[in-house]
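Residues per chain, in single letters:
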Amino acid sequence: MKLRDRLYLFGTAQLAIFGLLFALAYASFAHSVLPVFHALLETKTEQVIKMSAADLDVPLGADDRALLARALAAVISDPDLAYLAVRDARDQIVFAHGRAPRELFTGAANAAHDAEHSVRAWAPISLEGLPLGSVEVGFTTARFDAISAWAQRIAVIVLVVWLAALLYSLSFARMFTSPIRAMMVFSRKVAGGELAERLKIHASGELAELRDYMNQMTADLERREAERRVAAAHAEAMQRELLAVSRMAGMAEVATGVLHNVGNVLNSLNVSVAMISDQVRGSRVGALSKSIELVDNFPGGLAAFLATEKGKVLPTYLSTVSRRLAEENAKMLDELATVNRHVDHIKTIVATQQSYARPTGLHEAVAIAPLFDDALRMGEASFAKHGIEVVRDYEPGLCFVTDRHKLLQIMINLISNARHALKDHRANSESGLYPMVDGQPAAHLHQLIVRVRCTAAGVTITVADTGVGIPGENLDKIFQHGFTTKRGGHGFGLHASANAARELGGQLTVASDGPGRGATFTLELPGVITSVHPEPRHDLRN
């Protein structure tokens, strides 16, 4: 069989098999997968309407919109939710989300019903047999419709591409074999001594390069000039590739710094969110609602209830609950303010890393105590959990001119490394690896010390810990990019901190007496001290 026939057969057979497989895959998707998605949406609709009806009896009976909103928060957050409507016993909408229809849905209760581009369901709401109203939900099928539409578009595109590939395969076989036949004739002429002959064929790609190469064999000077041009072009391409690789490496380092520093800030966000969640779970709002409901349901109303023994203590109870709610509100506002500050810091980290290659940033007067307290606050939960004692030894009124966010990033990295060292040290102590240090039980030495001292040239900041320590052979490598001894570590934090210290005009050094004897990181920064509070030095222990 000739080469052209083999190309025809091979190309068309491959395309035919591919077309058949794609048709089978599309038919399976259209008749099997999409109906399953729709059935799952109907099942979800029925489950949601049943759970919503069960959860809304008390809020609807109390006519409390806040309770209705909280009871339906999970349903409202569903991305497929088209609308939700809660009606009272008079079929009046008392709570709605989305574009809820005004007319009353009359289909079978607790069952999903297909509508145009949506699945709807409703269920009655009652409390101990007393009808209170109904709830109706509708879930949109937009995602499934979009998937179906995209599948149809892809099928059309694949069909067009398949036909184009078939035509190209047939034409390619013809274009590929014709130049080869002409080259065979040309080779015979060259072998016969006709060196002035030139190959004249219309080709592209590799065949065009081969044609040019065979023509250049007949002229030595042209061949040498072509080799020189190819070498120069190759060198230029290599230079461009080297510059691209260098740029990508710099971008990767900046991206790693963003992820590392933002991850440290997110730890504090988790602490604040956990505290807010604890406050919400322990709120007295539920008890207050039950008290109001008890008064509403009492025969004779509020006046009759106040005459009872329980009613006599109600004003005192309400006053106490009011104070508690005010305190809870103040605490949650404080935590939300903390969350907002950390979000602003994340934005600043990203903006700072975008200009990471610049030698200097924005310098301003920075209050040391609040800045370091923010850095320590990021690990408060971990400090308490692992029994780590934090010692703050710095003047509360000290202000120092420097780049606020670079200094904060350095402190976050140093405190985070100290915290990990102390956690590992506790684990090693409990396992008996470091049973005694200077004659004392290692479990009593879990301290993290942050110390600031003013010098003639600026300030000296020390972050010391009584953790696992650093072997002597690692002291010279501790600030190298990629060097780490932590499981799962990436070796960027201390490297980035050392670079930031140099950008601030200072230096970051480390000292350790060896494994099990802690480590001390010292940051020396030059600059102007704008003010020092006259109060005694701040020395607090957590």
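Residues numbered from 1 in each chain as written. Predicted model: local features only at pLDDT ≥ 70, side-chain atom pairs only at ≥ 80, totals over all residues. Heavy atoms only, no water.

**Considering the pattern of salt bridges**
Working step 1: Evaluation of the coordinates by the stated rule reveals eleven salt bridges.
Working step 2: When the shortest N-O distance is used, the salt bridge between Lys-44 and Asp-80 registers 3.2 Å. Taken as a pair, Lys-44 in helix 1 (residues 3-55) and Asp-80 in the loop between helix 4 (73-76) and strand 1 (81-88) lie far apart in primary sequence, 36 residues in all.
Working step 3: Between Arg-404 and Glu-364 there is a salt bridge whose closest N-O contact spans 3.4 Å. One end of the pair, Arg-404, is in helix 14 (residues 404-431); the other, Glu-364, is in strand 6 (residues 364-367), and 40 residues separate them in sequence.
Working step 4: Its relative accessible area of 28% is what places Glu-364 among the partly exposed residues.
Working step 5: Overlapping salt bridges bring together Lys-44, Asp-78, Asp-80 and Arg-143 as one network. (Salt bridge = Lys/Arg side-chain N within 4 Å of Asp/Glu carboxyl O. Helix = DSSP H or I, 4+ residues; strand = E, 2+ residues; numbered from the N terminus. Buried < 20%, exposed > 50% of the residue type's maximum accessible area, 1.4 Å probe, protein only.)

**Some remarks on the packing of aromatic side chains**
Working step 1: Under the counting rule described, the total for this entry stands at two aromatic pairs.
Working step 2: Summarising the aromatic geometry, the rings of Phe-479 and Phe-521 are spaced 6.2 Å apart at their centres and angled 80° between planes, so their arrangement reads as edge-to-face. Pair noted here: Phe-479 is in the loop between strand 12 (458-465) and helix 15 (493-503) and Phe-521 is in strand 14 (residues 519-526), with a separation of 42 residues, a long-range link.
Working step 3: Among the residues examined, Phe-521 registers a relative accessible area of 6% and is labelled buried.
Working step 4: Stacked on the ring of Trp-150, the Lys or Arg Arg-153 has its end atom at 5.0 Å from the ring centre. (Phe/Tyr/Trp six-rings, centres within 6.5 Å; stacked < 30°, edge-to-face > 60°. Lys NZ or Arg CZ within 6 Å of the ring centre and 35° of its normal.)

**With respect to unusual backbone geometry**
Working step 1: Not every positive phi belongs to a glycine, and Asp-63 is a case in point at roughly 55°.
Working step 2: With respect to the helices and strands, the residue Asp-63 is situated in the loop between helix 2 (57-62) and helix 3 (65-71).
Working step 3: Residue classification places Asp-63 among the exposed residues on the basis of a relative accessible area of 55%.
Working step 4: The phi torsion at Asn-110 lies on the positive side, around 60°, for a residue other than glycine.
Working step 5: Assignment of secondary structure puts Asn-110 in the loop between strand 2 (93-98) and strand 3 (113-115).

**So, the side chain of Arg-392**
Working step 1: In this fold, Arg-392 is placed in strand 7 (residues 389-394).
Working step 2: Here Asp-373 takes part through its side chain, which lies 2.9 Å from a polar atom of the side chain of Arg-392. (Polar contact = N/O pair within 3.5 Å; in protein donor to acceptor, adjacent residues only side chain to side chain.)

**Topic: the confidence of the model for the protein**
Working step 1: Per-residue confidence for the protein gives a mean pLDDT of 76; residues scoring 70 or more make up 73%.
Working step 2: Every residue in residues 355-360 scores below 50 in pLDDT, and together they form ten contacts with partners more than four places removed in sequence or on other chains. (pLDDT = per-residue confidence, 0-100. Contact = heavy atoms within 4.5 Å.)

**As for a nonpolar patch on the surface**
Working step 1: Taken together, the side chains of Ile-17, Leu-20, Leu-21 and Leu-24 define a hydrophobic patch exposed on the protein surface, amounting to about 420 Å² of accessible area.
Working step 2: Locating Leu-21 in the fold gives a position in helix 1. (Patch = residues over 30% accessible without salt bridge, like charges linked within 9 Å, V, L, I, M, F, W, Y side chains within 5 Å. Areas by Shrake-Rupley, 256 points an atom, 1.4 Å probe, with all protein chains shown as cover.)

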